[in-house]
Protein chains: 2
Amino acid sequence: MSLKPLVDVHTHVYLPRYASWLRSRSVAPKIMSTEAGEERLLILENEPSGGRPVGPQYWDRQEKLRFMDLHGIDISFKRRVPYSTANPWLDFLSAKDAYELALGLNNDLEEYCSTGPSYSDSVLKRLYGLGLLPLVPGVTIDAIVEAVNQIAAASHLKGLIMGTKGIGKGLDDEALDPVWQAIEAAGLVVFLHPHYGVDSSAWGDKDNGHVLPLALGFPFETTTATRLILSGVFDRFPSLRILLAHSGGALPQLSSRLASCIDHDPVVASRLKHDARFYLGKLYFDAVAYGPEELGFVSEVVSRAKRFEAGSTVQGEADRREGSQRMLFGTDHPFFPPLTSTEKWKSVVENLEAIASVPGWGTSEKDGVRGGNALSLFGLQM
Amino acid sequence: MSLKPLVDVHTHVYLPRYASWLRSRSVAPKIMSTEAGEERLLILENEPSGGRPVGPQYWDRQEKLRFMDLHGIDISFKRRVPYSTANPWLDFLSAKDAYELALGLNNDLEEYCSTGPSYSDSVLKRLYGLGLLPLVPGVTIDAIVEAVNQIAAASHLKGLIMGTKGIGKGLDDEALDPVWQAIEAAGLVVFLHPHYGVDSSAWGDKDNGHVLPLALGFPFETTTATRLILSGVFDRFPSLRILLAHSGGALPQLSSRLASCIDHDPVVASRLKHDARFYLGKLYFDAVAYGPEELGFVSEVVSRAKRFEAGSTVQGEADRREGSQRMLFGTDHPFFPPLTSTEKWKSVVENLEAIASVPGWGTSEKDGVRGGNALSLFGLQM
C-alpha cells in the first residue's frame, strides 16, 4: 500500500537568528521579556493584549515535531517569518540588513530541514522550507533575484514566502517582473501570506482582541494583493505558481464581482487576456478556512475557471473534484493554540474535519488535499 | 396561475431634493456640470476618472420604469442615497441638516412610490422605498427613532437603508440599541450598504479605474460592519432583519474563520450566545454576486447556520434550498451600465443567469430569489 502522508503547507517557524534579532529590538516588532520571565512577541506598539506569549513552539524543532506527531502530520513546510497583524516580513530592516538576513536565514532553514528526520522509510524529509526574499524598498532587483537563485539551489527549500508589499508598491509593480521571471524559471512556489491587514480604524474602538484584524484584515490583505492579476502578471508569467494563504481570503467569493467590475470599467476592460475568473484556476489555495462549505466553494471556483478562458466553450456545473487538486492542508501552527488544555488543537482538528466532510469530494480528493497535492506541487517523490 | 413578479431589492434613486443639494455643493460629494454640458457625480475630490456621468436614470421615475420594463422587473425597492466608494449617506451634513433632509426625503420617497404605477391588476405598486435615517455624529437618538417611526408610518416605505458608520462609531455602538429596538418593533427591514470601502492606500498607485474600491473595498466594508454580530446585537434583538448588499461581501467565506478566531481569543470567546456562524442564518442577502457558484455558496452558509445554534444536534450537509429563502434578486441600477450599447444590461443579465443556474436550487427556490422571498420579507401580499 502506498503511503499517504499528511502534509502541512502552512506552518511557521521563528529561526533562532530571527528570534535573536527580534530580542535585540526596542520597538515593535520585538520579543520582550515580562517581569514574570515570560517572553512575548509584540508586532505593533499598540497591539491588543500586549502581544502574545511565545516559547519553544516558535523556534524549537523538537517542539514542532512533537506537534506534528500529536496531529498525525508527516511532513511540514516551514516558513521563517513572523506572523503579525501589521508588520512586514523584513520591512523593519534596511536594504542591506534585509539582504544579509534573508541569505542567512535561507541557509539556516536549509540546515534546519536537511538535518531533520526522514519521513518513514522514504527519501523524503519531514521538514521542508520556504525561503525568504529581501523585499524591502531600496534593495536592488539583482539582490532579490540572487536570493531566488539561492533558494532554488537549496535542496530542502521548495519555494518562498512573500508578503504583499513587494518593494514598497505592492505586487503589481512592474519592477518585480524580473523576480517573477526568475521564480517561474526556477519552478519555485510562492506562498503569499498577509501581514498588514487593513487600516486599523476599520475595527472601531471596542476591544475585540485580535479577532477582527485576524479574521477579516488578513484575508482582505491577501485578496487585495491579487491585484497582481489585474496588472497582468499571469498573462506575462503563465507558469507562475502562487499558493494563497487562508484559502485565498475573500477572493473566491468576490471573483465574479471583480470580473464584472473589470468588464464595466473603461480603464481596465480590455487589459487582460481572459475574464478575471480564469486566473483563479492558476492559483493554489491552502485549506485553512475551518469549514467544509468554504473548502467546497473554493474548489468550485477553481473548477469553473476553464469556463472563463478566452474563447472557451466549456459550460455546465463546476466539478468540485477537479478544483480540489489545487488545495492543500495547513495548520497555521504555532498560532491558534487552544485556550484551555486539550490533547489536540481545535484549529487543526477543525481543518481536518472540514476536509473530511466536503460534499462532492471523494476519498481520492480528500487524500489529495491532505497531502498528495502538496507532494505534486512541491515536486516531492517518495 | 399565480403571478410571479421579478422584484429588484437593490436599486438606487437620487431624488430631486437630494440631487439639488449635491448640485449646490462646491466640494465632494457634489454634482457638477462639465463644459460639454454633461453632469458628473463626484464622490471624492480625488475620485478616479473625475467622477461618473449622471443623467435622468439617476432621478427620473420614467427612466427607472423603462429600465425595469426592459429587464422584466415588476417591482423595485428604491433607495434614495448616493452610491459611492468613499462618502457617507448624509455624513457631509450637520446633524440639523441631516435630520431635516432625512425627513424630507422620506416624504418625497413615499410620494414617489405611492403615486407610481400599480403592478398588474394587484394591489401592489411597482415601486416601494427604503427610508433614510439621520445617522450622523451629534444627532440625538430620539431624532433617529423619530425617523424610524416616520418610515414605519409610510405605507410605501418597507424598510430603511443604512451605511456602516452609525453615528460615528460603527454599528457595534451600544448607543444605537434604542434604534435597533425601534426598528425591530416596527418590523422594518434594514438594508446595509457600503459606502466608504477601506483606506485607499490599499489599492496602490496604478490606475485601475473604480475596480478595486468597488469590487473589493465595498464588500470589505460590509463584511467589517458585521462586527455588530460580535457586539451581540442579534443576541439582544433576535428579530432584527438585516439585508446585506452584494451577497454579504466576504462574510460568508470568512465566517468559519471568524468563528474560529472568536473561539481562540480570550477577550471574546465567551461573549456570544452562539457560534458566529449561527448569526448568518438570521441575515438576508441580496443576490448581487454575478455568479451561480457564489450564490449557491451563500445559500449553503445560511442553511448550515442551524448547526451552530448553541446546543444544536443538527448534523450533515447543508441544504442549499433552505438558505435560498433569505436571498433576493437585485440590480444595483443605475450603476454598472454597459460600456457599449446593448439592449439589456450585462450586469442585470448576469445576475439573472446566475440565479437560473445555481446547482441545487429548484424552480421554486429560483422563483423565490427572483421575487417571492422579497414579497415575504417586505410583507407584500397580492
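The paragraphs below set out a description of the structure included in this document. Being a predicted model, the structure only gives us computed values, none of them experimental.

So, on to the interface of chain B and chain A. On the side of chain A, 72 residues touch chain B, which itself brings 73 residues to the contact. Carbon and sulfur atoms make up 58% of the surface buried where chain B meets chain A, a total of about 6100 Å² over both sides. By the criterion of area lost to chain A, the three top residues of chain B are B:Gln253, B:Arg257 and B:His264, representing 14% of everything that side buries. Our enumeration of links across chain B and chain A arrives at 12 salt bridges.

What follows is about the relation of the copies chain B and chain A. Mapping chain B onto chain A leaves a residual RMSD of 0.0 Å; the transformation is a rotation of 180° accompanied by 0.0 Å of translation along its axis. The transformation just described matches what one would write down for a two-fold rotation axis. By C-alpha distance to the rotation axis, the residue of chain B lying nearest is B:Ala250, at 2.7 Å. Counting the interface residues of chain B, we find that 99% of their copies in chain A are interface residues as well, pointing to one common contact surface.

With that settled, the discussion passes to the packing of helix H6 (residues 211-225) of chain A against helix H9 (residues 251-263) of chain B. Interaxial distance between H6(A) and H9(B) falls to 8 Å at its minimum, and their mutual angle equals 150°. Here H6(A) is positioned roughly antiparallel relative to H9(B), judged by the angle of their axes. The interaxial crossing formed by H6(A) with H9(B) has right-handed handedness. Residues A:Val211, A:Leu214, A:Ala215, A:Leu216, A:Phe218, A:Pro219 and A:Phe220 of H6(A) pack against B:Leu254, B:Arg257, B:Leu258, B:Cys261 and B:Ile262 of H9(B). When grouped by side-chain class, the residues that make up the contact of H6(A) with H9(B) number 11 nonpolar, no polar and 1 charged.

Residues and elements named next belong to chain A. Here His333 lies in the loop between strand S11 (327-328) and helix H13 (346-356). The buried category is assigned to His333, whose relative accessible area is 1%. Counting along the chain gives 260 residues from His333 to Ile73, while the straight-line C-alpha distance between them is 12 Å. When neighbours within four sequence positions are excluded, His333 is seen to be in contact with His10, Thr11, His12, Gln57, Lys64, Phe67 and Trp345.

A word on the pairing of strand S9 (residues 241-244) of chain A. Here 4 bridges tie strand S8 (residues 189-192) of chain A to S9(A), and the two strands are oriented parallel to one another. Across the sheet, A:Val190 pairs through a bridge with A:Ile242, a residue of S9(A).

It is worth spelling out the pattern of salt bridges at this point. Residues and elements named next belong to chain A. A full pass over the atoms with the stated rule returns 42 salt bridges over all chains. The closest approach of N and O atoms between Glu63 and Arg66, which form a salt bridge, is 2.9 Å. Taken together, the residues span about one helical turn, with Glu63 and Arg66 both in helix H2 (residues 61-70) at a distance of 3 residues. Take Glu63: its relative accessible area is 27%, and that puts it in the partly exposed class.

With that settled, the discussion passes to the sheet that holds strand S4 (residues 52-54) of chain A. All names here are of chain A. Spatial strand order, S2-S3-S4: 3 strands in an open sheet with antiparallel pairing. Edge positions in the sheet fall to strand S2 (30-33) and S4, since each has one partner strand and no second. Looking at each pair of strands side by side, their axes are set apart by 40° on average, direction ignored. As defined by bridge partners, S2 adjoins strand S3 (residues 39-42) across 4 bridges and the pair is classed as antiparallel. Considered in S3, the bridge of Ser33 is made with Glu39.

Let us look at the sheet that holds strand S2 (residues 30-33) of chain B. Residues and elements named next belong to chain B. Read across the sheet, 3 strands follow the order S2-S3-S4 without closing on themselves; strand pairing throughout is antiparallel. Strands at the two margins of the open sheet, each flanked by one partner only, are S2 and strand S4 (52-54). Averaged over all adjacent pairs, the angle separating strand axes in this sheet is 40°, with direction ignored. In terms of strand pairing, strand S3 (residues 39-42) meets S4 through 3 bridges, oriented antiparallel. Residue Arg40 lies in a different strand from S4, and its bridge partner there is Pro53.

Rules and cut-offs
Residue numbering note: each chain is counted from 1, following its sequence as written. Just so you know, chain letters begin at A and ligand numbers begin at 1, following the order they were written in. Thresholds applied to this predicted model are a pLDDT of at least 70 for local features of residues and 80 or more for the giving and counting of side-chain atom pairs; totals over whole chains, interfaces and linings are not thresholded and use all residues. Heavy atoms from the whole structure form the basis of all side-chain values; hydrogens and water molecules are not counted. In this analysis, two residues are considered to be in contact whenever any of their non-hydrogen atoms come within 4.5 Å of each other. What gets called buried area is simply the loss in accessible area from a 1.4 Å probe that two parts show on being joined, summed for both. Salt bridge, as applied in this entry: a Lys or Arg side-chain nitrogen positioned within 4 Å of an Asp or Glu carboxyl oxygen. We superpose the copies by least squares over the C-alpha atoms of residues that have a pLDDT of at least 70 in both of them. In this analysis an axis means a line fitted to C-alpha atoms, helices contributing only their contacting stretch, and an angle means the value between N-to-C directions, from 0 to 180 degrees. To qualify as a helix, a DSSP run of H or I must reach at least 4 residues; to qualify as a strand, a run of E must reach at least 2; elements of each kind are numbered from the N terminus. In this scheme, roughly parallel covers angles under 35 degrees and roughly antiparallel covers those over 145, while 65 to 115 is roughly perpendicular and the rest are oblique. By convention, the crossing between two helices is left-handed when the near helix turns anticlockwise from the far helix through less than a right angle, and right-handed when the turn is clockwise. Amino acids outside the nonpolar list (Ala, Val, Leu, Ile, Met, Phe, Trp, Tyr, Cys, Pro) and the charged list (Asp, Glu, Lys, Arg) are all regarded as polar, and Gly is one of them. Think of it in three bands: residues with accessible area under 20% of the maximum for their type are buried, residues over 50% are exposed, and the middle band is partly exposed, with areas taken using a 1.4 Å probe on protein chains only. Pairing between strands requires that DSSP locate at least two bridges from one strand to the other.

Honestly, it's all geometry; don't read function into it.
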